[in-house]
Amino acid sequence: MMTVTRRRRKQVSEINVVPYIDVMLVLLIIFMVTAPLITQGVKVDLPKASAEPLDPESEPPIVASVDRDGNYFLSTANDPNAAIGVVDLAVMVQAELQVSPNRPVVVKGDGAVQYNQVVQLMVLLQKAGVPQVGLMTDSSATPKAGGS
């Protein structure tokens, strides 16, 4: 008779990390693809805490305004109090900048106007060739404590 000896197998006490590496690489690829999409927006120069007024001896700025109803106005138009269309606004701003390219351009928006309208006006000015756009504020208004 032949005796069969059975050997007991040792249990493997190592952790298989291959699935974790696969998951990590998939997440890395997802974040690499989505990161450039997150950083879109209109480039603006943010104002400092204490904004300084424009130099009084410089040329008067071109003021593009938007009221609470979304109508656009331009200070250099024939009638600055008459609403104008987006095409006319872009053409007038381009013409003014060809005459004096260093003239500052400022956006003046009503406090109740939607943020989207102000951004659309800034994009319109950017497409018209304005290198920098400033935001007009009321120096007499002081912000309330607590942001409300």
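Note that the structure is a prediction, hence the values are computed from the model and not measured.

What follows is about helix H3 (residues 115-127). Taking 1.5 Å per residue as the helical rise, H3 with its 13 residues ought to reach 18 Å, and the 19 Å between its terminal C-alpha atoms agrees with that figure. Taken together, the buried positions of H3 are Val 118, Val 119, Leu 121, Met 122, Leu 124 and Leu 125. One or two positions beyond H3, positive phi appears at Gly 129, with a value near 100°.

Our focus in this paragraph is the sheet that holds strand S2 (residues 72-74). A sheet is described by the order of its strands in space; here 4 strands give the open sequence S2-S1-S3-S4, paired in mixed fashion. Two strands lie at the open edges of the sheet, namely S2 and strand S4 (133-135), each paired on one side alone. The average undirected angle you get between the axes of adjacent strands in this sheet is 25°. Note: strand S1 (residues 62-66) against S2, 3 bridges, orientation antiparallel. When the bridges of S2 are listed, Ser 65 appears paired with Phe 73. In this fold helix H2 (residues 86-99) packs onto S1, S2 and strand S3 (105-109), with an angle of close to 20° to the strand it touches most, S2. Together, S1, S2, S3 and S4 form the strand contacts of H3, whose direction differs from that of S1 by roughly 145°.

As a further point, take the pattern of salt bridges. Under the definition given, this model contains 1 salt bridge. The salt bridge partner of Arg 103 is Glu 96, with a shortest N-O separation of 2.9 Å.

Judged by how many residues are buried, S1 sits mostly within the fold: 5 of 5 residues are covered. Residues of S1 alternate between two faces, with Ile 62, Ala 64 and Val 66 on one and Val 63 and Ser 65 on the opposite face, all of them buried. Relative to S3, S1 runs parallel, the two being bridged by 5 bridges. In the strand pairing of S3, Ala 64 is matched with Val 107. The turn linking S1 back onto S2 is made up of 5 residues, and Gly 70 within it adopts a positive phi angle of 90°.

With that settled, the discussion passes to the side chain of Asp 67. Note that Asp 67 resides in the loop between S1 and S2. Residues in contact with Asp 67, not counting those within four places in the same chain, are Phe 73, Asp 110 and Val 113.

For the rest of this paragraph, the subject is the packing of H2 against H3. Two numbers describe how H2 lies on H3: the axes approach to 9 Å, and their chain directions differ by 45°. Considering the angle they form, H2 stands oblique to H3. For the pair H2 and H3, the sense of crossing is right-handed. From H2, Val 86, Leu 89, Ala 90, Val 93 and Gln 94 reach across to H3, where they touch Leu 121, Leu 124, Leu 125 and Lys 127. Residues belonging to the contact of H2 with H3 are distributed by class as follows: 7 nonpolar, 1 polar and 1 charged.

The rules behind these values
Residues numbered from 1 in each chain as written. Predicted model: local features only at pLDDT ≥ 70, side-chain atom pairs only at ≥ 80, totals over all residues. Heavy atoms only, no water. Helix = DSSP H or I, 4+ residues; strand = E, 2+ residues; numbered from the N terminus. Expected span 1.5 Å × (residues − 1). Buried < 20%, exposed > 50% of the residue type's maximum accessible area, 1.4 Å probe, protein only. Pairing = 2+ DSSP bridges. Axes fitted to C-alpha atoms, helices over the stretch in contact; angles between N-to-C directions. Contact = heavy atoms within 4.5 Å. Salt bridge = Lys/Arg side-chain N within 4 Å of Asp/Glu carboxyl O. Parallel < 35°, antiparallel > 145°, perpendicular 65-115°, else oblique. Left-handed = near helix turned anticlockwise from the far one by under 90°. Nonpolar A, V, L, I, M, F, W, Y, C, P; charged D, E, K, R; others polar.

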